[in-house]
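# Structure at a glance
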Amino acid sequence: MSALTVKTVLTSDRPVLDASADVQISIRDLDVHYGANHAVRDVTFDVPRQAVTALIGPSGCGKSTVLRSINRMNDLIPSARVEGEIRYHGVNINDPAIDPVIVRRNIGMVFQKPNPFPKSIYDNVAWGAKINGHKGNMDELVESCLRRAAIWEEVKDKLKESGLSLSGGQQQRLCIARALANDPDVILMDEPASALDPISTLKIEDLMRELARNYTIVVVTHNMQQAARVSDRTVFFSLNDQRQGVLIEAGATADMFTNPRDQRTEDYITGRFG
Amino acid sequence: MTHRAVSGTPPMAPPMHHARSDEEIARALTSTSSARFSERLIGYALAACGLLSVLTTVGIVAVLIEEALQFFGDVSAVDFLFGTTWTALFANGSFGVLPLVSATVLIAALSMVVAIPVGLLVAIYLSEYASPRVRAVVKPVMELLAGVPTIVFGYFALTFITPSILRKVVPGTEVFNVMAAAIAVGIMVVPLVASLSEDALAAVPRALREGGYGMGATKMEVATQVVVPAALSGIVASIVLAISRAFGETMIVAIAAGSKAQIADDPFESAQTMTGFMVQAFSGDVETGSTVYKSLFAVGLLLFLITLVLNLISNRIVARFREAYD
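Starting from 1, residues in each chain are numbered consecutively following that chain's sequence as written. The naming scheme follows written order: chains are lettered A onward, ligands numbered 1 onward. Residue-level local features of this predicted model are given only where pLDDT is at least 70; pairs of side-chain atoms are given and counted only at 80 or more, and the full residue set underlies all totals for whole chains, interfaces and linings. Side-chain numbers here rest on the full set of heavy atoms in the structure, without hydrogens or water.

## Focus: the interface of chain B and chain A
Any two residues whose heavy atoms approach within 4.5 Å at even a single point are treated as in contact. At the interface, 20 residues of chain B touch 25 residues of chain A. Buried surface at the junction of chain B and chain A, both sides included, amounts to about 1800 Å², of which 62% is carbon and sulfur. The term buried area means the drop in 1.4 Å probe accessible area that two parts suffer when joined, counted for both and summed. When the area that chain B buries against chain A is broken down by residue, the three leading residues are Glu-210, Tyr-213 and Met-215 of chain B, summing to 32%. A carboxyl oxygen of Asp or Glu within 4 Å of a side-chain nitrogen of Lys or Arg is what we treat as a salt bridge. Linking chain B with chain A are 1 salt bridge, by the criterion used here. One salt bridge in this structure joins Glu-210 of chain B and Arg-68 of chain A, with 2.8 Å as the shortest N-O distance. Going along the chain from the N terminus, every DSSP run of H or I of four or more residues is numbered as a helix, and every run of E of two or more is numbered as a strand. Elements with a minimum of two residues in the side of chain B that touches chain A: α8 (206-214) and α9 (219-230) of chain B. Here the element with the most residues in the side of chain B that touches chain A is α8 of chain B; it accounts for 8 residues. Amino acid classes used here: Ala, Val, Leu, Ile, Met, Phe, Trp, Tyr, Cys and Pro are nonpolar; Asp, Glu, Lys and Arg are charged; the rest, including Gly, are polar. Considering only residue class, the side of chain B that touches chain A consists of 9 nonpolar, 6 polar and 5 charged.

Written out as structure tokens, the structure is:
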């Protein structure tokens with residue numbers, strides 16, 4: 001990644017992204033309304049390619065709403081109205097003329113609560129590839145996705161068992177494997193570890209770092225330590241005085257956690273509110 | 001009093017004074033309250049109601065078994081279960097129940113050919129495609145269909161389905177025929193299948209649908225490949241319930257299928273079901289205590305056993321396919 005400026009910071013030996021990083025998705029003037037409720041106002045930021053971007057902020061600040069706008073999941077909520085531009089491979093995917101099904105095949109998603117399908121472990125991974133017309137060897141694809149989601153060793157002898165028979169942490173890694181089977185280039189994660197125990201959480205975090213070598217990851221988290229541990233870039237949201245979600249600041253994670261520019265960011269990351 | 005303000009440095013909060021002493025609380029704890037008696041009384045009354053329904057069922061089964069056993073004194077169980085001629089109302093008639101069973105099974109099976117696809121499609125439409133406003137109107141209207149007296153369906157089959165549809169398609173259709181009855185029974189149980197299946201589909205967590213959409217699945221793929229499999233236990237339960245209902249249906253088949261007790265091999269001919277025979281016999285003048293009279297109970301017992309087995313199968317299937325969502 002030539003666009004990365006490599007510099008070592010206090011808490012991390014990871015390269016730090018600067019503003020010139022290669023951009024995968026650029027969001028401009030995003031507004032989201034739920035009926036009469038103006039939930040997200042005028043949000044603009046860039047998501048760098050093959051890196052982890054963390055969206056953080058207090059409850060109700062609209063970070064999940066922003067995340068769900070990126071793969072048009074808000075289309076499923078009848079009262080939701082999303083305005084603004086989300087540019088991805090040169091296309092504004094928020095344009096109503098763009099088929100959300102195609103968007104979601106390229107921008108995968110992992111949800112807050114593990115939600116494997118009531119199918120076998122094998123079919124959980126194979127299903128997405130099947131409906132998207134995968135032509136290659138399905139066994140190989142399933143194995144490779146399970147390996148990349150760091151769960152192959154745990155499930156290789158019980159691929160025919162229900163995905164629901166796994167523990168919560170395993171289910172979440174199965175859901176990540178499922179998302180990988182579509183060969184997406186972006187994976188959105190909505191608080192992927194908030195329903196998991198600390199050990200499973202660490203596994204998911206390691207996996208996110210590993211996946212960022214090949215995929216662009218956007219993760220919503222309410223866990224400051226997690227954002228600091230896994231992300232290259234952090235976007236901080238908060239509520240304005242009309243209780244609308246607004247972007248306060250965005251920047252390299254190491255910078256933001258050591259040297260926040262905005263008082264509200266500092267208050268939040270030091271635990272003074274939120 | 002054991003609770004006193006601690007003297008010395010001024011406390012942050014004022015001292016707390018409990019309204020009741022330790023002795024008062026101890027007395028309250030050990031006293032038997034008369035209010036508890038009414039609680040127990042309500043418990044007994046409710047248990048009595050529950051017991052009443054259990055006793056009624058036991059009583060009905062006991063009567064069925066008792067009379068049926070007397071019947072098997074006159075006719076051997078083998079002749080009854082495997083005989084292919086049912087001429088119970090004739091003098092020296094024979095009591096081979098297979099014609100009645102065959103008509104019952106054929107009508108139930110054909111009715112499911114109508115009820116399962118239509119009921120499931122309606123359920124999928126209501127749960128996955130219809131807007132909340134459409135669902136709020138359509139579902140209650142559809143459930144009204146379940147309140148239509150079955151005799152109306154019987155006349156509908158006899159005076160509309162047979163002359164206006166079946167005879168146009170298959171000219172040789174008899175006035176009383178299995179097909180018209182089966183179609184009417186199928187229509188009658190559509191609301192049952194649709195309503196219960198819709199409940200099962202609606203109970204599938206939203207998170208699972210989002211998982212499907214998040215994979216780039218279309219609405220059709222999510223509905224048929226994620227939501228329906230996840231709701232399978234409820235859907236199967238609704239179908240088995242509909243089959244039981246079709247087996248026991250009486251009025252429609254008595255009116256539309258006719259009373260010719262013959263092995264049902266042609267759906268466009270008349271045939272008599274188990275319930276159809278029972279209606280015919282009870283509405284005629286059957287002598288109490290006669291073999292025909294007792295045969296009614298044997299047929300009733302057999303019908304009861306068939307429905308019981310169906311319900312047991314249904315319970316097994318529901319337990320087998322149930323997915324636990326919290």
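## Focus: a nonpolar patch on the surface
Residues and elements named next belong to chain B. Any residue with relative accessible area above 30% and no salt bridge may belong to a patch, with like charges joined within 9 Å and the nonpolar Val, Leu, Ile, Met, Phe, Trp and Tyr side chains within 5 Å. Each accessible area value is a Shrake-Rupley result obtained with a 1.4 Å probe; residue values ignore everything except the protein chains displayed when judging cover. A cluster of nonpolar side chains, namely Tyr-125, Tyr-129, Val-134, Val-137, Val-138, Val-141 and Met-220, defines an oily patch on the protein surface of about 590 Å² accessible area. Among the secondary structure elements, those contributing two or more residues to the nonpolar patch are α4 (98-129) and α5 (132-145). In terms of residues, the nonpolar patch owes the most to one element, α5, which gives 4 residues. For Val-134, the location among the structural elements is in helix α5.

## Details of unusual backbone geometry
All names here are of chain A. A positive phi angle, close to 50°, is found at Asp-29, a residue other than glycine. Along the chain, Asp-29 falls in strand β1 (residues 23-34). You will see that Asp-183, though not glycine, has its phi angle at about 55°, which is positive. Within the secondary structure, Asp-183 sits in the loop between α6 (168-180) and β7 (186-190). Take Asp-183: its relative accessible area is 58%, and that puts it in the exposed class. Note on classification: 1.4 Å probe, protein chains only; a residue is buried when its accessible area is under 20% of the maximum for its type, exposed when over 50%, partly exposed between these limits.

## Let's talk about the pattern of salt bridges
In this structure the tally under the stated criterion is 22 salt bridges over all chains. Among the ionic pairs, Glu-198 of chain B bridges to Lys-139 of chain B, the shortest N-O distance being 2.7 Å. Taken together, the residues span a long stretch of sequence, with Glu-198 of chain B in helix α7 (residues 178-202) and Lys-139 of chain B in helix α5 at a distance of 59 residues. Accessibility classification places Glu-198 of chain B together with Lys-139 of chain B in one group, the buried group. Residue Arg-206 of chain B is joined to Glu-210 of chain B by a salt bridge in which the shortest nitrogen-to-oxygen separation is 3.2 Å. Separated by 4 residues within a single helix, Arg-206 of chain B and Glu-210 of chain B lie in helix α8, roughly one turn from each other. The network of salt bridges with shared partners includes Glu-143, Arg-147, Glu-153 and Lys-156 of chain A.

## Details of the nonpolar core
Here the nonpolar core consists of buried residues drawn from Ala, Val, Leu, Ile, Met, Phe, Trp, Tyr and Cys, with membership extended through side-chain atoms lying within 4.5 Å. Counting residues in each nonpolar core, the largest one holds 49 residues, and the members touching the most others are Ile-25, Phe-45, Leu-55, Ile-107, Leu-188 and Phe-237 of chain A together with Leu-201 of chain B. Broken down by element, this core gets its largest block of residues, 6 residues, from α9 of chain B. Those residues within four positions of Leu-55 of chain A in sequence are excluded, and the remaining contacts are Phe-45, Lys-63, Val-66, Leu-67, Val-218, Val-219, Val-220, Thr-221, Val-235 and Phe-237 of chain A. Val-110, Ala-177, Leu-196 and Ile-248 of chain A belong to the second largest nonpolar core, which has 47 residues in total.

## Quick look at the pairing of strand β10 (residues 245-252) of chain A
All names here are of chain A. With 6 of its 8 residues buried, β10 lies for the most part within the structure. Both strand β9 (residues 233-239) and β10 contribute to a ladder of 7 bridges, which runs antiparallel. Pairing of Phe-237 across the sheet is with Leu-247, part of β10. For two strands to be treated as a pair, DSSP must find no fewer than two bridges joining them. Following β9, the chain reverses through 5 residues before pairing antiparallel with β10; Arg-243 in that reversal takes a positive phi of roughly 60°.

## Points about the domain arrangement of chain B
Residue and element names in this part refer to chain B. Segmentation into domains, and thus their bounds, comes from an automatic or database assignment. Split into domains, chain B comes out as domain 1 (35-74) and domain 2 (98-321). Here the C-alpha centroids of domain 1 and domain 2 sit 29 Å apart. In this complex, domain 1 contributes 10 residues to the contact, which on the side of domain 2 involves 9 residues. Carbon and sulfur atoms make up 81% of the area that domain 1 and domain 2 hide from each other, which totals about 890 Å². By the criterion of area lost to domain 2, the three top residues of domain 1 are Leu-64, Glu-67 and Phe-71, representing 54% of everything that side buries. Run the count over domain 1 and domain 2 and you get 1 salt bridge.

## Focus on the confidence of the model for chain B
All names here are of chain B. Taken as a whole, chain B shows an average pLDDT of 88; of its residues, 92% reach a score of 70 or greater. Of all the helices and strands in chain B, helix α1 (residues 22-30) carries the lowest mean pLDDT, 83, while α4 carries the highest, 96. As a per-residue quantity, pLDDT reports the predictor's confidence and falls between 0 and 100. Low confidence marks residues 1-7, where pLDDT is under 50. Its contacts with residues over four positions away, or in another chain, come to 6 contacts. Model confidence for the complex: the whole-complex pTM is 0.80, and ipTM, which rates the interface, is 0.87.

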